[in-house]
Amino acid sequence: MNRNILSHYTLLCPGPVNVSSRVADAYSRSALSHREINFTRLLREVQRDILNVAGVNKSDDYSALLITGSGTAANEAVLASAVAPDKSVIALSNGEFGERLTEISQIYNRTIIVRSEWGEELDLGRLEEHLAEGGSDLVSMVHHETSTGLLNPVQEVGRLCKRYGVSLLVDGVSSFSADLISVEEEEITFLTTSSGKAIGSYPGLSFVIGKHKSFTRIADYPVRNHYLNLNRYYNFSKKCGQTPNTPAISLFASLHAALQDILTEGLEPRYQRLSTLAAYMRRQLADRNLYFQGVQPQSVVLTNVLLPEAMSFVDLQNYLRQLGFVIYDAKGPLRGRYFQVSTIGNISVADIDRFLTALDSCLSAKQFPQPKPLSIKVS
Ligand SMILES: *Cc1c(COP(=O)(O)O)cnc(C)c1O
């Protein structure tokens, strides 16, 4: 059976995700110019809805800036725009995406790295030592470390940053609108995320959420690049309700629909639904003796599953792709031993059941021996 490149796949990766028909329809109903009033209205509604999803009550104090580009664009915009030239960044890292923040920061800033092993907790003791030394302007961290599934303690880091008067950048690219997070309560200065993961729209837009005063504070910092200069985005948004350059307008229309769906469902019920889906997937995998990595606390977005013995990731991936399912390889030190499944986007229990049937057929196919029973830790 050969599938066309544009066949429908069930995406069980942590982004891109399958979108709802409302999100898909909105894309094709977006013939508008970004210099017209209806785009400004669309932008304002999207900004308002993002702040709602971010748990902002005092919405007059906050702004959400939209950048055409994937999640990395928002991270780079902050790291290139929000650090004083004579000060440093303290970069927290315990996985692939913490490392990426570190790497981006090093292009623009003097960067102190506080690194832990992948999947291990962040070293807040060392963070505090560095904060106490002075000379830093911003701490960077990942909320849901998408390489391991671990949720990092944003609130604790937020309190430390507040105590030392240092800004906090939180990369919420894979967790935003799934795992609960509140920009206000957790003392986050800049929260970044993107359209194409848990939000459930197409990839290609990223956002930086922060207080007006956090954006105005950095207005006089030296310009280090043109396209990702946060100050330009802030000024265009505030003064004329536009973006500095031609945005991916159709993606705004889809994002608008996805945000409306999230707010209609409600953040708590949505979190409960996503938790239930993740727990269902994990329980079903455990029933098949497929041990999954039980990091604590674990995101509802992602599960790393141990590969059955003698099965290569590429064989499993190819087999499942033929049946219409996309899974991801694990990253870094987990590569070759685990594969990743995710249950965000427009995914139902029925989709998970179809996936499990495909997985069962793969496990019982002659070329793959049944996995040996393992002691299973279901968290
Ligand atoms: C996916 C991801 C990114 C990178 O996002 P892109 O959209 O691929 O640029 C950054 N951080 C985290 C935590 C992610 O999961």
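Residues numbered from 1 in each chain as written. Predicted model: local features only at pLDDT ≥ 70, side-chain atom pairs only at ≥ 80, totals over all residues. Heavy atoms only, no water.

Bringing the site of the ligand into the picture now. Lining the immediate surroundings of the ligand are S70, G71, T72, F97, V142, H144, T146, D171, V173, S174 and K197. Measuring from an oxygen atom of the ligand, one finds a backbone N or O atom of G71 at 2.9 Å. For the ligand, an oxygen atom lies 2.5 Å from a polar atom in the side chain of T72. Considering the ligand on its own, with 380 Å² of exposed area, one finds that the protein chains cover 84% of that surface. (Near = heavy atom within 4 Å. Polar contact = N/O pair within 3.5 Å; in protein donor to acceptor, adjacent residues only side chain to side chain. Areas by Shrake-Rupley, 256 points an atom, 1.4 Å probe, with all protein chains shown as cover.)

Okay, the packing of helix α2 (residues 37-53) against helix α8 (residues 230-240) next. It is the contact of α2 with α8, at a shortest axis distance of 11 Å, that shows an interaxial angle of 115°. What the angle tells us is that α2 and α8 run roughly perpendicular. When the axes of α2 and α8 are compared, the crossing they make is left-handed. Contact residues: α2 offers T40, R44 and Q47, while α8 offers S237, K238 and C240. Looking at the contact of α2 with α8 residue by residue, the class counts come to 1 nonpolar, 3 polar and 2 charged. (Axes fitted to C-alpha atoms, helices over the stretch in contact; angles between N-to-C directions. Helix = DSSP H or I, 4+ residues; strand = E, 2+ residues; numbered from the N terminus. Parallel < 35°, antiparallel > 145°, perpendicular 65-115°, else oblique. Left-handed = near helix turned anticlockwise from the far one by under 90°. Contact = heavy atoms within 4.5 Å. Nonpolar A, V, L, I, M, F, W, Y, C, P; charged D, E, K, R; others polar.)

How big an interface is tends to be stated in terms of accessible area lost as the parts join. Domain annotation of the protein identifies domain 1 (3-15 + 266-366) and domain 2 (21-265). Placing a centre on the C-alpha atoms of domain 1 and another on those of domain 2 gives a separation of 27 Å. The interface of domain 1 with domain 2 comprises 26 residues on the first partner and 25 residues on the second. Carbon and sulfur atoms make up 60% of the surface buried where domain 1 meets domain 2, a total of about 2100 Å² over both sides. Broken down residue by residue, the surface that domain 1 buries against domain 2 is led by L267, R270 and K331, which jointly contribute 27%. The interface formed by domain 1 and domain 2 holds 2 salt bridges in total. For R270, the salt bridge identified is with E265, shortest N-O distance 3.6 Å. Along the contact surface separating domain 1 from domain 2 lie 12 residue pairs in polar contact (both at pLDDT 80 or more). Of all the secondary-structure elements, those providing two or more residues to the side of domain 1 that touches domain 2 are α10 (267-287) and β11 (302-306). The element contributing the most residues to the side of domain 1 that touches domain 2 is α10, with 7 residues. Its residues placed into classes, the side of domain 1 that touches domain 2 shows 13 nonpolar, 9 polar and 4 charged. (Domains from an automatic or database assignment. Buried area = accessible area lost by both parts, 1.4 Å probe. Salt bridge = Lys/Arg side-chain N within 4 Å of Asp/Glu carboxyl O.)

This part covers helix α9 (residues 249-265). Each α-helix turn comprises 3.6 residues. Residues three or four places apart therefore point the same way. Between its first and last C-alpha, α9 extends 25 Å over 17 residues, near the 24 Å set by a 1.5 Å rise per residue. When we look at burial in α9, the residues that qualify are I249, L251, F252, A253, S254, L255, H256, A257, A258, L259 and I262. On the buried face of α9, the contacting elements are α1 (21-28), α2, β2 (62-68), β10 (205-211) and α10. At the exit of α9 stands G266, carrying a positive phi of roughly 95°. (Expected span 1.5 Å × (residues − 1). Buried < 20%, exposed > 50% of the residue type's maximum accessible area, 1.4 Å probe, protein only.)

It is worth spelling out the packing of aromatic side chains at this point. Scanning the model with the defined rule gives 5 aromatic pairs in all. Ring centres of F39 and F252 lie 5.1 Å apart, and the angle between their planes is 65°; on these two criteria the pair is classed as edge-to-face. Of this pair, F39 sits in helix α2 while F252 sits in helix α9, and the two are 213 residues apart along the sequence. The pair formed by F39 and F252 is uniform in burial state, with each residue classed as buried. Within the aromatic cluster, the residues linked to one another by ring pairs are F190, F215 and Y234. Directly above the ring of F97 sits K197, whose terminal nitrogen or CZ lies 5.5 Å from the centroid. (Phe/Tyr/Trp six-rings, centres within 6.5 Å; stacked < 30°, edge-to-face > 60°. Lys NZ or Arg CZ within 6 Å of the ring centre and 35° of its normal.)

Below, the discussion takes up the pattern of salt bridges. All told, the structure shown has 13 salt bridges when counted by the stated rule. For the salt bridge of D261 with R22, the shortest nitrogen-to-oxygen distance reads 2.7 Å. One end of the pair, D261, is in helix α9; the other, R22, is in helix α1, and 239 residues separate them in sequence. Put simply, E128 and R163 hold a salt bridge, and the shortest N to O gap is 3.2 Å. One end of the pair, E128, is in helix α5 (residues 124-133); the other, R163, is in helix α6 (residues 154-164), with 35 residues separating them in the sequence.

A few words on the side chain of D49. Within the secondary structure, D49 is located in helix α2. Leaving out residues up to four positions away in the same chain, D49 has contacts with H256, L259, Q260 and L263.

On to the environment of G210. Here G210 shows up in strand β10. Residues contacting G210, with those up to four places away along its chain left out, are Y62, S63, T189 and F215.

Here we come to the packing of α1 against α9. Close contact between α1 and α9 brings their axes to 7 Å; oriented N to C, the two are set at 150°. Classed by the angle they form, the pair α1 and α9 counts as roughly antiparallel. With respect to the hand of their crossing, α1 and α9 are arranged in right-handed fashion. Of α9, the residues touching α1 (which contributes R22, V23, A26 and Y27) are S250, L251, A253, S254, A257, A258, Q260 and D261. The class makeup of the residues in the contact of α1 with α9 is 7 nonpolar, 3 polar and 2 charged.

Let us look at a negative patch on the surface. The grouping of E117, E120, E121 and E156 at the surface amounts to a negative patch. Within the fold, E120 resides in the loop between β4 (110-115) and α5. Look at E120 and you get partly exposed, because its relative accessible area is 45%. (Patch = residues over 30% accessible without salt bridge, like charges linked within 9 Å, V, L, I, M, F, W, Y side chains within 5 Å. Lys, Arg positive; Asp, Glu negative; His and termini not counted. Charge placed at Lys NZ, Arg CZ, Asp CG, Glu CD.)

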